[in-house]
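Descriptive structure summary
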Amino acid sequence: MATHTPHTLDVPGARLHYEVRANVSSDEPTLFLIGTPQGAAEFSPLARRFADRTVVTYDPRGTRRSVRTDGAAESTPVQHADDLDRLISALGDGPVDVFGTGGGAVNGLALVSRRPAGVRTLVAHEPPAARLLPDHAAVLAACRHINRTYRQAGRNAAMAQFLALVGQDGPLPADYPDRPAPDPAEYGLKPDDDGSRDHALFAQNLVSIVSHVYDFEALRTASTRIVPAVGAGSGGQFASRATLALADRLGTVAITLPSDHRGFLDVDDTSLTLADFGTKLREVLSDRTSPGTQPNVSTQEARAASLTPSSHPE
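Just so you know, these numbers come straight off a predicted model, no measurement behind them.

Examining the pattern of salt bridges
Evaluated as defined, the whole model comprises 15 salt bridges. A salt bridge links R65 to E19; the shortest N-O distance between them is 3.3 Å. With R65 in the loop between β4 (55-59) and β5 (67-68) and E19 in strand β2 (residues 14-22), this residue pair connects regions lying 46 residues apart in the sequence. For R65, a relative accessible area of 41% gives the class partly exposed. A residue is classified by how much of its surface remains accessible, and E19, at 7% relative accessible area, is buried. Here R61 and D70 are joined by a salt bridge, their closest N and O atoms 3.9 Å apart. In this structure R61 comes out as buried when scored by relative accessible area, which is 2%. Beyond isolated ion pairs, a larger network of salt bridges with shared partners links R61, R68, D70 and D83.

Written out as structure tokens, the structure is:
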């Protein structure tokens, strides 16, 4: 039976809130479930599906209960990676397994490039590695525009633009950032502005996450087993296309996890199957014979549509 206890850890510039679901009888490595800006609460349903091993979740710096103490307005994947490294060291549990999704996958990759000995397996679920795409200029410009919209008009206006961007199927046209902004009402959002400007995604992490530059030499030579993963329902969305590009640069293949970019969440949507997601993730973490399975037909088609020989600007 796993016990669930909250803790805090002081790190340079922040006080981190983290939660440990300990199973002292398990011989498996501790499993970290991480996102950005998603915190411990979003991973609780998935964590409960791994009660046979110790699981750690946390709120990234600047998110919910992890308060920044340095007054900085932006967080970077390198800062998050250093925070995770300090958490692993504080627990004395390394090397650990890590499932990182979205921004958490970016942070996990930064961690592996800096401290590979601390991570046995990293499942990198749809990291939005925009710089690896042939349409990277349009994606980066769109994210910077979302950041400006948030500062000028608030959360709902920015959220509408963000949802339109992440839901775009296929490469972005060059003029995408200049197109008229979507109406928040299209996404069930009110046009209100609550006046806050500290949103964990739009103010602190979005631009730094998509702009992150990867150290592929460090990643390719790391002792960590890195498993890029796409959602079965993500199609040609930019995070899925970026994951395929990442796998290509690492010299491996991306595996497919059930559902889409939100598959790790417990939401009221019959297209999302958390049980299937957890089962497949368990299989991936347990299978160390290869970095992943061969992509299915839809994945191959998505790769062909999203990659060109000159698609790597780094």
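A closer look at the environment of P128
If you trace the backbone, P128 turns up in the loop between β7 (119-125) and α4 (136-153). Residue classification places P128 among the buried positions, given a relative accessible area of 11%. Distance from P128 to T243, taken between C-alpha atoms, is 7.3 Å for residues 115 residues apart in sequence.

With respect to unusual backbone geometry
Here the bond from T36 into P37 is cis, since omega is 10°, no more than 30 degrees from zero. Considering the arrangement of structural elements, one finds P37 in the loop between β3 (31-34) and α1 (40-47). Residue G94 is joined to P95 through a cis peptide bond whose omega torsion reads -10°. Relative to the assigned elements, P95 resides in the loop between α2 (77-91) and β6 (96-101). Phi is positive for R64, which is not a glycine, with a value near 50°.

Some thoughts on the packing of α4 against helix α5 (residues 155-167)
Where α4 contacts α5, the axes come no closer than 7 Å and their chain directions differ by 165°. By the angle between their directions, the pair α4 and α5 is classed as roughly antiparallel. Every pair of crossing elements has a handedness; the one defined by α4 and α5 is right-handed. Taken together, the residues of α5 that come into contact with α4 (itself represented by A142, C143, H145, I146, T149, Y150 and A153) are R155, A157, A158, Q161, F162 and L165. A per-class count over the contact of α4 with α5 returns 9 nonpolar, 3 polar and 1 charged.

Quick notes on the nonpolar core
When a protein is soluble and globular, its nonpolar side chains tend to lie buried together. Counting 60 residues, the largest nonpolar core has F32, L109, L165, F202, L206 and L219 as its most contacted members. Ranked by residue count, the leading element in this core is α4, at 7 residues. In terms of nonpolar packing, the next biggest core, distinct from the first, is built from 20 residues, L31, F99, V123 and L265 among them.

Cut-off values and rules
Residues numbered from 1 in each chain as written. Predicted model: local features only at pLDDT ≥ 70, side-chain atom pairs only at ≥ 80, totals over all residues. Heavy atoms only, no water. Salt bridge = Lys/Arg side-chain N within 4 Å of Asp/Glu carboxyl O. Helix = DSSP H or I, 4+ residues; strand = E, 2+ residues; numbered from the N terminus. Buried < 20%, exposed > 50% of the residue type's maximum accessible area, 1.4 Å probe, protein only. Axes fitted to C-alpha atoms, helices over the stretch in contact; angles between N-to-C directions. Parallel < 35°, antiparallel > 145°, perpendicular 65-115°, else oblique. Left-handed = near helix turned anticlockwise from the far one by under 90°. Contact = heavy atoms within 4.5 Å. Nonpolar A, V, L, I, M, F, W, Y, C, P; charged D, E, K, R; others polar. Core = buried A, V, L, I, M, F, W, Y, C linked by side-chain atoms within 4.5 Å.

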